[in-house]
Amino acid sequence: MFLNLNQRDTMLGQLLSKLASEYENACLGDFSGAPIGRFVKDELTPEARSVVRYHNTDLLVKASIGQGTWATIPWLAIFDPIITTSATRGFYVVFLINPSDQKIFLSFNQGTTEIFDEFGIKTGEQILRRRAKDICDRLPEYSKKFSTHEISLGSSARLPRGYEAGHAFGKCYYVSRIEEREISDDLQLMLQAYETLIERGGTMPPDIMRSESGSENIEETRQYILSRRIERSSHVRKKVLECKEHICECCKFDPEKHLVNSGLKGHIPLDVHHSKPLKELHEGEKKHYKIPDDFLLLCPNCHRLIHQQSDPSDLDKLKSRIRFKYLL
């Protein structure tokens with residue numbers, strides 16, 4: 001359930017404005033040890049995290065003014081770890097700052113680095129724009145509340161071009177007249193859009209979603225894709241593995257005992273299974289999962305079998321199926 005950001009006083013707009021106003025002057029000095037770097041780390045990012053926590057405690061907040069050298073476009077981004085933890089891939093919500101024009105853009109955007117590395121800049125931009133259009137089409141009730149016009153970041157450098165091409169929808173603020181209430185309301189709406197796109201299958205084409213889920217029912221398909229995204233998230237997997245014994249909870253397969261001299265040192269060949277029944281995953285609450293309560297550790301065979309059940313949380317039923325199979 002999303003809470004209203006107006007239930008707390010925020011300074012996010014003020015801090016973003018400070019970054020935009022002082023960035024060009026800061027870039028005239030040395031990058032290493034620059035005061036604006038400490039400001040971003042110690043003030044801007046913590047404030048953004050406290051704001052975002054009102055939406056979803058699992059969301060990650062990161063900011064960047066560059067890595068070893070000044071970035072052309074500084075940014076503050078919000079990631080859902082089941083989609084991405086980096087601005088280089090996936091899709092996310094981001095504040096992009098155009099310091100030369102003193103503008104701040106709130107943007108529903110996409111990772112560009114992987115696309116550019118694979119397809120090059122020209123073709124990569126075409127792909128990003130096409131996907132941006134797909135995002136708008138999948139979120140019509142949100143995209144119409146923002147602007148779908150192209151954004152201009154005032155630079156022809158590789159990354160700013162990628163941000164411009166990857167922009168689906170958003171809003172522009174002028175540093176000289178930014179308002180906290182407006183920033184709060186817009187960010188709340190944008191994060192709702194972000195969660196909704198994840199629930200609806202992300203940017204995956206419908207035919208691929210149906211093929212992966214094995215269902216023609218669009219709602220069931222979206223639920224299945226979301227459940228699989230959660231399972232495959234390295235963020236989720238790491239936490240589940242920290243909480244559970246590394247043995248299949250159905251057939252009791254123990255990699256350490258049963259794979260002697262397997263060469264799998266450092267790798268745990270068990271799957272994380274999101275066991276919350278799909279029928280309980282209604283839009284707006286699909287991503288509310290608890291670790292480790294909503295997860296099972298299963299070997300690949302048991303994991304495949306449990307997904308074939310009408311109730312993917314029924315471990316007892318799976319155990320009975322496994323026992324029956326070995327009794328025959």
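Procedures and definitions
Residues numbered from 1 in each chain as written. Predicted model: local features only at pLDDT ≥ 70, side-chain atom pairs only at ≥ 80, totals over all residues. Heavy atoms only, no water. Pairing = 2+ DSSP bridges. Helix = DSSP H or I, 4+ residues; strand = E, 2+ residues; numbered from the N terminus. Axes fitted to C-alpha atoms, helices over the stretch in contact; angles between N-to-C directions. Contact = heavy atoms within 4.5 Å. Core = buried A, V, L, I, M, F, W, Y, C linked by side-chain atoms within 4.5 Å. Buried < 20%, exposed > 50% of the residue type's maximum accessible area, 1.4 Å probe, protein only.

**Student:** Before we go on, may I ask you to explain the sheet that holds strand S3 (residues 91-98) in this structure?
**Tutor:** The strands making up a sheet associate through backbone hydrogen bonding, with each pair oriented either parallel or antiparallel. Strand order in the open sheet formed by five strands is S1-S2-S3-S4-S5, with antiparallel pairing between adjacent strands. Both outer strands of the open sheet, strand S1 (60-64) and strand S5 (169-174), are each paired with one neighbouring strand and no more. Looking at each pair of strands side by side, their axes are set apart by 15 degrees on average, direction ignored. Its contacts with the sheet place helix H4 (residues 121-138) against strand S4 (103-110) and S5, and it is angled at close to 90 degrees to S4. Here helix H6 (residues 158-166) sits on the sheet and contacts strand S2 (75-79), S3 and S4; the angle it forms with S4, its principal contact strand, is near 70 degrees.

**Student:** In this structure, what is going on with the nonpolar core? I would like to understand it.
**Tutor:** Side chains of nonpolar character tend, in soluble globular proteins, to be buried together. Core analysis: the biggest nonpolar cluster contains 83 residues, and Phe95, Phe108 and Phe169 have the highest contact counts within it. Per-element tally for this core: the top contributor is helix H7 (residues 180-199), with nine residues. Leave out the neighbours within four places in its chain, and Phe108 touches Phe91, Tyr92, Ile135, Leu139, Gly166, His167, Ala168, Phe169, Met190, Ala193, Tyr194 and Leu197. Listed in part, the five residues of the second largest apolar core include Phe116, Ile127, Leu128 and Ala165.

**Student:** Got a minute to help me understand unusual backbone geometry in this structure?
**Tutor:** Negative phi values dominate among residues other than glycine, just as trans dominates among peptide bonds. Note that the residue after Ile291, namely Pro292, is joined by a cis bond; omega there is 5 degrees. Among the structural elements, Pro292 can be located in the loop between strand S6 (271-274) and strand S7 (295-298). The backbone of Gln102 sits at a positive phi, close to 55 degrees, despite the residue not being glycine. Within the element layout of this structure, Gln102 appears in the loop between S3 and S4. Given the relative accessible area of 27%, Gln102 is considered partly exposed.

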